[in-house]
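A look at the structure
Spelled out, the chains give:
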Amino acid sequence: MTLFPTLMLSVLITIGLIPVLKLLALRFNAVDLPNHRKVHSSPMPKVGGVAMALGAVVPILLWSPGNRFVSSLLLGAGVLVIFGLLDDLKEMDYRGKLAGQVMAALIVVFYGGLSIRCMGDLLPGVAVPAWFSVPLTLLTIVGVTNAINLSDGLDGLAGGIAMMSFICLGCVAFQSGMTAIALLSVAVIGAIFGFLRFNTHPAIVFMGDAGSQLLGFLAVTMALFVSQNCEPLSRMFPLVLLGFPILDTLTVMSERIFKGVSPFKADKNHFHHKLMRLGLRHAGAVVVIYGLQFTLVMSAFFLRFYSEWTLLLIYLVFCAIVLAGFYWTDRRGWTVPRYDLLERLAEKTLHSLDRRLVMLKACYGMLEVGAPLLLFVCCLSLVTQPGYMGWLALGLMLALCAVWLLRKSWMTGVLRLVLFVMIPYLVFTANIQSAQLVSGRVLFAFHLSFGCVAFLAVMTLKFTRRKKGFKANPSDFLIILASFIITSIPEIKNAVEDASLITAKLIALFFAFEVLLGETRGDVNKLAIFIMISLGTVAVKSFI
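Residues numbered from 1 in each chain as written. Predicted model: local features only at pLDDT ≥ 70, side-chain atom pairs only at ≥ 80, totals over all residues. Heavy atoms only, no water.

Some words on the overall build of the protein
- The helix and strand inventory of the protein stands at 22 helices and two strands.
- A separation of at least 24 residues holds for 80% of the contacts in the protein among residues at least 6 apart in sequence.
- Here the protein displays about 25,100 Å² of accessible surface, and carbon together with sulfur accounts for 69% of that area. (Helix = DSSP H or I, 4+ residues; strand = E, 2+ residues; numbered from the N terminus. Contact = heavy atoms within 4.5 Å. Areas by Shrake-Rupley, 256 points an atom, 1.4 Å probe, with all protein chains shown as cover.)

Next up, the structure:
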C-alpha cells in the first residue's frame, strides 16, 4: 500500500520547499501587500501554492496508476498553477484568472472525459444531453475553483476547508475502488498538512492564487468524477462536500449585485470578515468556519447514499440557518463578548509564585523525561516495518546531526518537523505490534502512559508564566476534526483495530511535544539526543 509513503513524501517535499521558495518570493517581490481589504499588516510571501503543487505531484508521478483522467487533472492543475503564479507575481484582473480556469476546465472535460451526465433523482431516468452537460460542467468547475480561491482570506482558512474535503473525498474514493483518486487525495492532504505548519495564524507564508485555485480545481473535479462514476453515490455529494465556500461566494456576489456594483469587485463581506466584525479574533473566526465545514463534510459522508433530494434539502436548511444567523446578528448589532478583564483577574488569583515554580519544575521535569521516553518505547516495540522507514529515519537523524553542527538555531524547527513526520507512524505501528508482544496489564500501562504524558503537559501549561510558550491554534483544532472524520468511517474502524484509541494517543503525544518545545527556551540539546537515539533505533530495527 503506497498511501502512507505518499502522505509522508508530500508532507516532506512541501515543508522542505517552503523556506527556499520564501526567500525567492522576497527576492522577486512575490508578496501579498497589506491594504484596506486585508487582515495582515506586513508583506507576506505567496509561494505556498507552488510548494503544495510540487509536494502533491511528485508522489503521484511516482506511484499513481496512469490513466487519462489523472493525466488531465495534472495538466489542468499545471495550467492553474502557472496562471496563479503569474497573478501572484503581477496582479491580473478577473478576466485573466477566468481564462486560466476555463482552460484548465476544458482540459479535464475534453481530454479527461469529465462531465455531469446524470442528476439522479432530480431528473430520474434522464441523461443530461452533451449540449447542456459540457457548459454545466465547465460552469461548476470554474465556479467552485473561484469559491475556494475567494475563501482564502484568513490564515489557514482555505487550507483547512480543503483538507477536510479531501479527507472525505479520499475515503469515499478508496471505498469505491478508485485507487488513483484516493492516492491523489492523500497526496494533496499531505501537501496541505505541510503547508499549514507555515500558514496557521500568525502565518509566515500564504498559498497565493496558485494554491487556492489549485485546491478548488482538484476538489471539484475529483468530487464530480467520483459522484458521476460511483452508481450508489448521490449526485449531490459534491454540493454538500464543498457547500460552505459555494454559499460564501454566492452570498457575497449577490450582495454586490444588489448594491449595484460588479460581482467581481473585492470587498470585506465574506463570512470570515463578518465573523471578525462580530468580535471574534482571527483564530476564532477560522475555528467557527472549520466547525461549519466539518458539519457539511460529515453530512456528505454519512448521507452519501441518500437521494439527491434529501442532500439538497439538508444543504438548503444549512444555508438558511447560516444566513439567518448572520442576518439576525447584523440587525441586532450583536457582538461576541470578550473576557480579557476576567482572564487577567483570574490570573491574579492563582497560587503564589513560589508554589507555581515548584509545581512547574516538577511537571516539566517529568514531561521532559516522559515524552521522549514514551517515544523511544514506541520505537522499541516495532517488530516488522518497511525498509523505506529505515532510510527515512536515517535521513532525518543525519539531518538533525547536520543542523546541530552547522546551524543550531534551526534545531527547534527541525525537531518539530521530525516529530511531525515520525509520531503518526510510530504510534500507529506500536499500537498494533505491541498488542502481539506483551500481556494485557503491560499493554494497559502502555496505553495509560499517553494519558499521563498529556496530563503532565496540561499541568505544565497551567503553572507556566511564559507568554511565548505553547498556545492552541486553529491547526490543532483542525487536526482533531480531521482525526474525528477519519475514525468515524466504519471501514477504517473495521480495518484498524482501536482506531479511536490510536487517534487519542496521537493527539496526546503531539500535544506533549508541542508543550515541551514551547517551554525549552531554545535549549533542546537533551531532547535532540533523545530523538536521534529513537531514530537510530528505528533505522537499526528496519535493516536487521
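Further notes follow.
Concerning the environment of Ile 423
- Along the chain, Ile 423 falls in helix H17 (residues 411-434).
- Considering only alpha carbons, one finds Ile 423 and Ile 507, 84 residues apart in sequence, at a separation of 9.8 Å.
- Apart from the residues within four sequence positions on either side, Ile 423 is in contact with Leu 375, Leu 506, Leu 509, Phe 510 and Phe 513.

Comments concerning a nonpolar patch on the surface
- On the surface, Val 20, Leu 24, Phe 28, Leu 85 and Leu 89 cluster together to form a nonpolar patch covering roughly 440 Å² of accessible area.
- Elements with a contribution of two residues or more to the nonpolar patch: helix H1 (3-28) and helix H3 (68-89).
- At three residues, H1 tops the list of elements feeding residues into the nonpolar patch.
- Exposure remark for Phe 28: the relative accessible area of 55% places this residue in the exposed category. (Patch = residues over 30% accessible without salt bridge, like charges linked within 9 Å, V, L, I, M, F, W, Y side chains within 5 Å. Salt bridge = Lys/Arg side-chain N within 4 Å of Asp/Glu carboxyl O. Buried < 20%, exposed > 50% of the residue type's maximum accessible area, 1.4 Å probe, protein only.)

A word on the nonpolar core
- Residues Phe 166, Met 422, Phe 513 and Ile 531 are the most contacted members of the largest nonpolar core, which totals 159 residues.
- No other element matches helix H7 (residues 179-199), which puts 14 residues into this core.
- Beyond its immediate sequence surroundings of up to four residues, Ile 531 is in contact with Leu 375, Leu 400, Leu 415, Val 418, Leu 419 and Phe 513. (Core = buried A, V, L, I, M, F, W, Y, C linked by side-chain atoms within 4.5 Å.)

Brief notes about H7
- Relative to the 30 Å expected for 21 residues at 1.5 Å per residue, H7 spans 30 Å between its end C-alpha atoms, a close match to the ideal helical length.
- Judged by how many residues are buried, H7 sits mostly within the fold: 19 of 21 residues are covered. (Expected span 1.5 Å × (residues − 1).)

Some details on the pattern of salt bridges
- One pass over the structure, following the stated rule, counts four salt bridges.
- For Lys 97, the salt bridge goes to Asp 87, with nearest N and O atoms at 3.6 Å. Within this pair, whereas Lys 97 is found in helix H4 (residues 94-111), its partner Asp 87 is found in helix H3, the two being separated by 10 residues in sequence.
- What emerges from the salt-bridge pattern is a single network uniting Asp 87, Lys 97 and Asp 209.

A closer look at the packing of aromatic side chains
- Under the criterion given, the structure shown has five aromatic pairs.
- Aromatic side chains Trp 131 and Phe 132 sit 5.8 Å apart centroid to centroid with 65 degrees between the ring planes, which places their arrangement in the edge-to-face category.
- Overall, the relative accessible area of 69% leaves Trp 131 in the exposed class.
- With relative accessibility at 41%, the residue Phe 132 sits in the partly exposed group.
- A centroid spacing of 5.5 Å and a plane angle of 50 degrees characterise the contact between Phe 244 and Phe 271, whose relative ring orientation is tilted. On the criterion of sequence distance, the pair formed by Phe 244 in helix H10 (residues 243-258) and Phe 271 in helix H11 (residues 271-277) is long-range, its members being 27 residues apart. (Phe/Tyr/Trp six-rings, centres within 6.5 Å; stacked < 30°, edge-to-face > 60°.)

A closer look at the environment of Thr 179
- Its place among the elements puts Thr 179 in helix H7.
- With a relative accessible area of 52%, Thr 179 lands in the exposed category.
- With 115 residues separating them in the primary sequence, Thr 179 and Ser 64 have C-alpha atoms 8.2 Å apart.

Structural notes on the side chain of Ser 133
- Tracing the backbone shows Ser 133 in helix H5 (residues 130-150).
- What Ser 133 contacts, discounting residues up to four positions off in sequence, is Ser 115, Ile 116, Arg 117 and Val 128.

Section: the packing of H4 against helix H8 (residues 208-229)
- Where H4 contacts H8, the two axes come as close as 12 Å, and the packing angle between them is 30 degrees. With respect to H8, the element H4 is oriented roughly parallel. Here H4 runs over H8; the crossing is right-handed. Facing H4, whose interface residues are Lys 97, Gln 101, Ala 104, Ala 105 and Val 108, H8 presents Asp 209, Gln 213, Phe 217 and Thr 221.
- Here the contact of H4 with H8 is composed, by residue class, of four nonpolar, three polar and two charged. (Axes fitted to C-alpha atoms, helices over the stretch in contact; angles between N-to-C directions. Parallel < 35°, antiparallel > 145°, perpendicular 65-115°, else oblique. Left-handed = near helix turned anticlockwise from the far one by under 90°. Nonpolar A, V, L, I, M, F, W, Y, C, P; charged D, E, K, R; others polar.)

Structural notes on H5
- In a regular helix each residue adds 1.5 Å, so 21 residues correspond to 30 Å; H5 covers 30 Å between its end C-alpha atoms and thus fits that length.
- Along H5, the positions that sit buried rather than exposed are Ser 133, Thr 137, Leu 138, Ile 141, Val 142, Val 144, Thr 145, Asn 146, Ala 147, Ile 148 and Asn 149.
- Tucked inside the fold, the buried residues of H5 contact H3, H4, helix H6 (157-175), H8 and H10.

Re the state of the cysteines
- Under the criterion given, the structure shown has zero disulfides.
- Left without a disulfide partner, Cys 171 is nearest to the cysteine sulfur of Cys 168, which lies 6.9 Å away.
- For Cys 171, a relative accessible area of 12% corresponds to the buried category.
- There is no disulfide at Cys 379, and the cysteine sulfur nearest it, in Cys 378, is 6.9 Å away. (Disulfide = S-S within 2.5 Å.)

What about the confidence of the model for the protein?
- In the predicted model, the protein carries a mean pLDDT of 80, and the fraction of residues at 70 or more is 83%.
- Between residues 339-347, whose pLDDT stays under 50, and residues either more than four places distant or in other chains, the model counts three contacts.
- The low-confidence segment residues 349-354, where pLDDT is below 50, has four contacts with residues more than four positions distant or belonging to other chains. (pLDDT = per-residue confidence, 0-100.)

Some words on the packing of H10 against helix H13 (residues 308-332)
- Axis separation between H10 and H13 bottoms out at 11 Å; the angle between their running directions is 55 degrees. It follows that H10 is oblique to H13 by the angle criterion. Seen along the crossing, H10 lies across H13 with a hand that is right-handed. Taken together, the residues of H13 that come into contact with H10 (itself represented by Gly 243, Phe 244, Ile 246, Leu 247 and Thr 251) are Tyr 315, Phe 318, Cys 319, Val 322 and Leu 323.

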